[in-house]
Amino acid sequence: MIDKRVADPEAAVGGVVEGATVMIGGFGEAGSPIELIHALIDHGASGLTVVNNNTGSGEVGLAALIRAGRVAKMICSYPRSANSTVFPELYRSGRIELELVPQGTLAERIRAGGAGIPGFYTPTAVGTELVEGHEVREFDGRDHVLEHALTADLALIKARRADWHGNLVYNRTARNFSPLMAMAATTTVVQVAEVVATGGIDPEVVITPGIFVDRVVHVASPAHESDLVARGVTYP
Amino acid sequence: MTQTPGPVGMSREQMSARAALDIADGSYVNLGIGIPEMIAQFIPEGIEVILHTENGLLGMGPSPADGDGDPELINAGKRQVTALPGASYFHHADSFAMIRGGHLDLCVLGALEVAANGDLANWSTGGDSIPAVGGAMDLVSGVKAVYVMTSHCTRDGIPKLVETCSYPLTGVGVVNRIYTDLAVVEVGPDGFEVVDLTEGVTFDEVAALTASPIQDARSARVER
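Just so you know, these numbers come straight off a predicted model, no measurement behind them.

Help me understand the nonpolar core in this model?
Soluble globular proteins tend to pack their nonpolar side chains together in the buried interior. Counting 40 residues, the largest nonpolar core has Leu 48, Leu 65 and Met 74 of chain A as its most contacted members. Among the secondary structure elements, those contributing two or more residues to this core are strand E2 (21-24), helix H2 (34-43), strand E3 (48-51), helix H3 (61-67), strand E4 (71-76), helix H4 (86-92), strand E5 (97-100) and strand E9 (152-163) of chain A. Beyond its immediate stretch of four places on either side in the chain, Leu 48 of chain A contacts Val 16, Val 17, Gly 19, Ala 20, Val 22, Leu 40, Leu 65, Arg 70, Val 71, Ala 72 and Lys 73 of chain A. Counting residues in hydrophobic clusters, the runner-up holds 29 residues, among them Val 114, Ala 183, Val 187 and Val 206 of chain B.

Here you go:
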């Protein structure tokens, strides 16, 4: 019988190694798996390469992971935030590496990684400094640049509901990168507010099929990043 | 810096209302964060425009009433929004397939500089700032029409419509039309062309505040 449920966030992130590449779902706070990120901080793995659209806010969640010195490199499209100084301070002092990727290229690189496609050509960013050194090839009279797929050792994502097989349904715009990351990681861990028995989700509405999910952890009342930041919470 | 008194241009609201007049009924549109977002408030009655926000929503509505928001229903600027009847949610690969696959009719973005060949610089001022690009490069390379909404000059009076961009580029030869506080300017095969002027502003005033040759194409438009 397939049952991917694990006891708690601590068990869910077990086995992460030093220097791992970790994809973390979320666009801003929407879809950010805060409880899993905090478990990753507690776990202690460092030298991580983290893939996320942003760099977190305040001193909780992703920003707390970066502040704890666990992240060697960020791969993202928009590392600025109105209410966090964690990433900018480390970046300006040369203590964290940044690979800046256009948002659609970032999404497609992750999708390609999950789909077994090693690279693709896109016109996005042609002629800009972000693709200096990339191979350029002309298709139908237009220049395109070569982009390489992204894969990861671990993906940490958040969804609204899962069954024991790991079939997932998301909440509104919290879906963002998570279905792609689930496909692109060797081990995908999801935190969900609700777990139902297998068969409890209509197959027509499944967004992420369970084949892409390895561990399901129930977090009944997940924190919202903006709420923690407003209350001045820091982690740990 | 002392500023010489120049022509009085439109307010941001007036610019937004002017740009809204040119959006066709039934269009799928992405409005950039900041001033372009304001266009949504001025879509004329009877015109249906579907707003796309690249974080994963088609059919975006206005901000929720106080207390009705969901921190997981946000726009690309990470502000809480609503979903209108007929809306849909999707993941980033689908969202950027809409952009990169040429399915969106129009995007409207802000600018630091626009060059006479349609080059756009709007993501980085270089120097010490933290570089951040988001979806701007995808939008300008994939959406069918790319409009820019910006003040004609910087706060210091320096023209933003230039011969060659000095800031890092967002895209090469991508801008079709520019809405400024002083004029509506097309980017044509021979460079900038004024197609409409703000009331009380003259073509010569616009030309003097544009750092590249600019044609008066208003008569051509009237004859059409």
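There is more to say after this.
Explain the sheet that holds strand E6 (residues 119-122) of chain A to me, please; I cannot follow it from the model alone.
Strands belonging to one sheet form pairs held by backbone hydrogen bonds; the direction of such a pair is parallel or antiparallel. Residue and element names in this part refer to chain A. If you trace the three strands from one edge of the open sheet to the other, you get E6-E8-E7, paired in antiparallel fashion. Where the open sheet ends on each side, the last strands, each with one partner, are E6 and strand E7 (136-139). Across the sheet, the mean angle separating the axes of adjacent strands is 40° when strand polarity is ignored. Here four bridges tie E7 to strand E8 (residues 142-148), and the two strands are oriented antiparallel to one another. From the neighbouring strand, Phe 139 faces E8, where its bridge partner is Arg 142. Relative to E6, helix H5 (residues 103-115) is tilted by about 150°, and along the sheet it contacts E6 and E8.

Is there a simple way to think about the interface of chain B and chain A in this case?
Quoted interface sizes are often the accessible area lost when the parts come together. Taken together, the contacts link 36 residues of chain B with 47 residues of chain A. Summed over both partners, the interface of chain B with chain A comes to about 3,400 Å²; 60% of that surface belongs to carbon and sulfur atoms. The largest share of the area that chain B buries against chain A comes from Glu 72, His 92 and Ile 130 of chain B, three residues that together contribute 22% of it. Taken together, the connections running from chain B to chain A amount to three salt bridges. Summed over the shared surface of chain B and chain A, the result is 25 residue pairs in polar contact (both at pLDDT 80 or more). Looking at the side of chain B that touches chain A, the elements with two or more residues in it are helix H2 (92-100) and helix H3 (136-142) of chain B.

Is there a simple way to explain the layout of surface pockets in this structure?
Rolled over the atoms, a probe sized like a water molecule indicates the empty space that remains. All names here are of chain B. The computed volume of the second largest pocket comes to approximately 630 Å³. Ala 40, Leu 51, Met 60, Gly 61 and Pro 62 are, among the 31 residues lining the second largest pocket, the residues nearest its centre. Of all the secondary-structure elements, those providing two or more residues to the lining of the second largest pocket are strand E1 (28-31), strand E2 (50-53), strand E3 (57-61) and strand E4 (82-89). Class assignment of the residues belonging to the lining of the second largest pocket gives a composition of 17 nonpolar, 10 polar and four charged.

Cut-offs and rules
- Residues numbered from 1 in each chain as written.
- Chains lettered and ligands numbered in written order.
- Predicted model: local features only at pLDDT ≥ 70, side-chain atom pairs only at ≥ 80, totals over all residues.
- Heavy atoms only, no water.
- Core = buried A, V, L, I, M, F, W, Y, C linked by side-chain atoms within 4.5 Å.
- Buried < 20%, exposed > 50% of the residue type's maximum accessible area, 1.4 Å probe, protein only.
- Helix = DSSP H or I, 4+ residues; strand = E, 2+ residues; numbered from the N terminus.
- Contact = heavy atoms within 4.5 Å.
- Pairing = 2+ DSSP bridges.
- Axes fitted to C-alpha atoms, helices over the stretch in contact; angles between N-to-C directions.
- Buried area = accessible area lost by both parts, 1.4 Å probe.
- Salt bridge = Lys/Arg side-chain N within 4 Å of Asp/Glu carboxyl O.
- Polar contact = N/O pair within 3.5 Å; in protein donor to acceptor, adjacent residues only side chain to side chain.
- 1 Å grid on protein atoms, 1.4 Å probe; cavity = no way out; pocket = protein on both sides within 12 Å on 5 of 7 lines; lining within 4 Å.
- Points joined across faces, edges and corners; volume = space filled by probe spheres on them.
- Nonpolar A, V, L, I, M, F, W, Y, C, P; charged D, E, K, R; others polar.

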